[in-house]
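# Commentary on secondary and tertiary structure
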Amino acid sequence: MQTLEAVLAEHAFFRDLPHDDLQLIAGCGSNVRFPGGARLFHEGDPADRFFLIRHGKVALEIGSPERGRVVIQTLGAGDLLGWSWLVPPYRMSCDARAVELTRATAFDGACIRRKCEADPRLGYELLKRFAQVIGQRLRATRLQLLDVYGTRG
Amino acid sequence: MSTELAGDRPAAGPPGVEPMAPRRFRVRRVTREIHDTVTLDIEPSDQAEEFSFAAGQFNMLYLFGLGEVPISISSDPAHLRVLAHTVRAVGPVTNALCRLKRGQVLGVRGPFGSCWPVREAVGGDVVIVAGGIGLAPLRPVLYHLLGHRDQYGRIALLYGARTPNDRLYERELSRWRGRFDVQIEATVDTAVAGDEWRGHVGVVTTLIPRAEFDPAETIAVICGPEVMMRFTIEDLQKRGLTSDRIYLSMERNMKCAIGLCGHCQFGPTFVCKDGPVFRYDRIAPLLKVREL
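It should be emphasised that the depicted structure is a prediction, and the values quoted were computed from it without experimental measurement.

### Quick notes on the pairing of strand β5 (residues 68–76) of chain A
Residue and element names in this part refer to chain A. In terms of strand pairing, strand β4 (residues 57–64) meets β5 through eight bridges, oriented antiparallel. Residue pairing in the sheet places Glu61 in a bridge with Val71 of β5. Linkage of β4 to β5, two consecutive antiparallel strands, is achieved through a turn of three residues.

Put into structure tokens, the structure is as follows:
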């Protein structure tokens, strides 16, 4: 059976991190499983975890007065879910729901933060990697906001 | 005007036919694709006439007394008897086109413009990225690739629509998805939670990391709103695709379709004559000019 460190080492997000770093990060992780329809978290919940999805699909949702609950993004195997654990006020910014059976590795945000405070080099490395993910999501959101396929009414 | 910027350039219109004179075509079938979009299958009123075109070319469709609009041909280039045009109702002429019934007559000029680089792509992988109704001009590419499957490597279609109810050619996409020799990935920008859509949600660029291709041996073809194409190009380049391997179809206000009137001027080119398909590296500087 593969260790969590080995799983992390193979993932693009953690690629080229030194073994010691992977060991520290893996120490804050555990495998979790969500049946289809299960809520991973709600908007406003304490952001105490982030997830590396290994199998399945998760929908990110927000409430809209006109349209009810709207799915704004789905994430699948290999995707990273959650960055709010990294920045105050440590609150989830949307709902997350498993669309189908989903297996993931969950990381304890407070645990990782403590290790990053103690080792700023690791903290900076992780911050750079999360900033890339946040940047990609922001870019996709901008394109989404433009509603490029809509007609001007 | 320069022709250096053009993609593949088949001759404009059939030989011996006056390019400004519309020919009579009859509607053979109307398929409602989504709420504001139909596909018109049309055939020449003169049954003996055949019509050839290359994937990516367009026709000028003319409703007598109302006006004329450029519409890409969305059928299989190997089928010479019936032409398909997928039309979205956005103005007076396209609204009227969408109301046409079987048997009604319209005028057709064309085909015009450059075409997708299906010959250059032989032997390599092909990535097709379509947004919204941009799938229509790309459907002939897919027909061609699947009709000559052994000549190409991996084929990936990445298709983005606004919502699950805005997806074109749903039945065909589902059939292609069942094939093992083509990767079909579809996404929608947003969906209502709890509805029947169980596919991907996110803009079309979020599908690019999923596409399987070798960037050194790949041709990418893109059609959709200009801003979507810009974002797509950036993400394809991140995957290692060079600018000379990326082709896109431009849209401008085309009127004469033969490079005379200047309505579709795009820098030193006319989109109707030098385009609509351009190789990206040849027009990249023009795309950076605002409101060009």
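### A look at the sheet that holds strand β5 (residues 83–88) of chain B
Residue and element names in this part refer to chain B. One open sheet holds the six strands; their spatial order is β4-β3-β6-β1-β2-β5, and the pairing between them is antiparallel. Taken across any chain shown, the strands that pair with only one partner, and hence form the sheet edges, are β4 (67–72) and β5. On average, each strand axis in the sheet is inclined to that of its neighbour by 40°, with strand direction left out of account. The pairing of strand β1 (residues 23–34) with strand β6 (residues 105–112) spans four bridges and is antiparallel. What sits directly across from Phe25, in β6, is Leu106.

### Here's the deal with the confidence of the model for chain B
Residues and elements named next belong to chain B. Confidence in the prediction of chain B, expressed as mean pLDDT, is 90, and 94% of residues score 70 or more. Of the regions scoring below 50 in pLDDT, residues 1–6 engages in 17 contacts with residues more than four places distant in sequence or in other chains. Interface confidence for the predicted complex, given as ipTM, is 0.86, next to a pTM of 0.90.

### Digging into helix α4 (residues 120–145) of chain A
The terminal C-alpha atoms of α4(A) lie 36 Å apart, and with 26 residues this matches the ideal 38 Å at 1.5 Å per residue to within 8%. Restricting attention to buried positions, one finds in α4(A) the residues Leu126(A), Ala140(A) and Leu143(A). The secondary structure elements touched by the buried residues of α4(A) are α3 (109–118) of chain A together with α4 (226–238) of chain B. Backbone geometry just after α4(A) places Asp147(A) at a positive phi near 45°.

Quick notes on the rules
- Residues numbered from 1 in each chain as written.
- Chains lettered and ligands numbered in written order.
- Predicted model: local features only at pLDDT ≥ 70, side-chain atom pairs only at ≥ 80, totals over all residues.
- Pairing = 2+ DSSP bridges.
- Helix = DSSP H or I, 4+ residues; strand = E, 2+ residues; numbered from the N terminus.
- Axes fitted to C-alpha atoms, helices over the stretch in contact; angles between N-to-C directions.
- pLDDT = per-residue confidence, 0-100.
- Contact = placed C-beta atoms within 7 Å.
- Expected span 1.5 Å × (residues − 1).
- Buried ≥ 20, exposed ≤ 12 C-beta atoms within 10 Å, placed from the backbone.

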